[in-house]
Amino acid sequence: MQVIVRDNNVEQAMRALKKKMQREGVFREMKERRAYEKPSERRVRERAQAIARQRKANRKKLQREGLLASPKHRSSGR
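Just so it is clear, the model here is predicted, and its values are computed rather than measured.

### With respect to the overall build of the chain
Link 1 in the chain: Helix and strand content of the chain: three helices and zero strands.
Link 2 in the chain: Listing every helix and strand of the chain by position from the N terminus yields α-α-α.
Link 3 in the chain: Computed over its C-alpha atoms, the radius of gyration of the chain comes to 19 Å, more than 25% above the 12 Å expected for a compact globule of 78 residues.
Link 4 in the chain: By principal-axis analysis of the C-alpha atoms, the chain measures approximately 50 × 40 × 25 Å.
Link 5 in the chain: Out of the 78 residues in the chain, the part that is buried amounts to 4%.
Link 6 in the chain: Accessible surface computed for the chain: about 8100 Å², of which carbon and sulfur atoms make up 49%.
Link 7 in the chain: Treating the 25 positive side-chain charges of the chain as one cloud and the 9 negative ones as another, the clouds have centres 6 Å apart.

Here it is as structure tokens:
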């Protein structure tokens, strides 16, 4: 993974690197590998993730078809 540092702006390069790592799933994988996970626990987790993905896909489909209201966007208090 490579990030270009422009005008000695290291903070901006670090933000870009973190964003790339987040997209690639590096942080999630590091967290999973931190401790041993029993095969039975892994199966349970993977099943739960698959169910969550399916629910999200169904929710998105219903929103596109207009059968379900779109989520309200929260304004950030920044």
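Here the narrative resumes.
### Here's the deal with helix H3 (residues 39–65)
Link 1 in the chain: Given a rise of 1.5 Å per residue, 27 residues ought to cover 39 Å, and the 39 Å separating the end C-alpha atoms of H3 matches this to within 8%.
Link 2 in the chain: Downstream of H3 by a residue or two, Gly66 has a phi angle that is positive, lying close to 85°.

### Brief notes about unusual backbone geometry
Link 1 in the chain: A positive phi angle, close to 55°, is found at Asp7, a residue other than glycine.
Link 2 in the chain: Of note, Asp7 is situated in the segment before helix H1 (10–24).

### Quick word on a nonpolar patch on the surface
Link 1 in the chain: A contiguous nonpolar surface patch, about 250 Å² in accessible area, is contributed by Val5, Val10 and Met14.
Link 2 in the chain: Among the structural elements, Val5 can be located in the segment before H1.

### Digging into the pattern of salt bridges
Close approach of charged atoms allows side chains with opposite charge to pair.
Link 1 in the chain: Taken as a whole and judged by the stated rule, the model has four salt bridges.
Link 2 in the chain: Note that Glu29 is salt-bridged to Arg33, the shortest N-O span being 3.0 Å. Of this pair, Glu29 and Arg33 both sit in helix H2 (residues 26–33), four residues apart, which is roughly one turn of the helix.
Link 3 in the chain: Overall, the relative accessible area of 64% leaves Arg33 in the exposed class.

### Section: the confidence of the model for the chain
Link 1 in the chain: Looking at the chain, pLDDT values average 90 and 96% of them are 70 or higher.
Link 2 in the chain: Confidence scores differ between elements of the chain, with H2 showing the lowest mean pLDDT of 90 and H3 the highest of 95.

Calculation rules
- Residues numbered from 1 in each chain as written.
- Predicted model: local features only at pLDDT ≥ 70, side-chain atom pairs only at ≥ 80, totals over all residues.
- Heavy atoms only, no water.
- Helix = DSSP H or I, 4+ residues; strand = E, 2+ residues; numbered from the N terminus.
- Rg over C-alpha atoms; globule rule 2.2 N^0.38 Å.
- Buried < 20%, exposed > 50% of the residue type's maximum accessible area, 1.4 Å probe, protein only.
- Areas by Shrake-Rupley, 256 points an atom, 1.4 Å probe, with all protein chains shown as cover.
- Lys, Arg positive; Asp, Glu negative; His and termini not counted.
- Charge placed at Lys NZ, Arg CZ, Asp CG, Glu CD.
- Expected span 1.5 Å × (residues − 1).
- Patch = residues over 30% accessible without salt bridge, like charges linked within 9 Å, V, L, I, M, F, W, Y side chains within 5 Å.
- Salt bridge = Lys/Arg side-chain N within 4 Å of Asp/Glu carboxyl O.
- pLDDT = per-residue confidence, 0-100.

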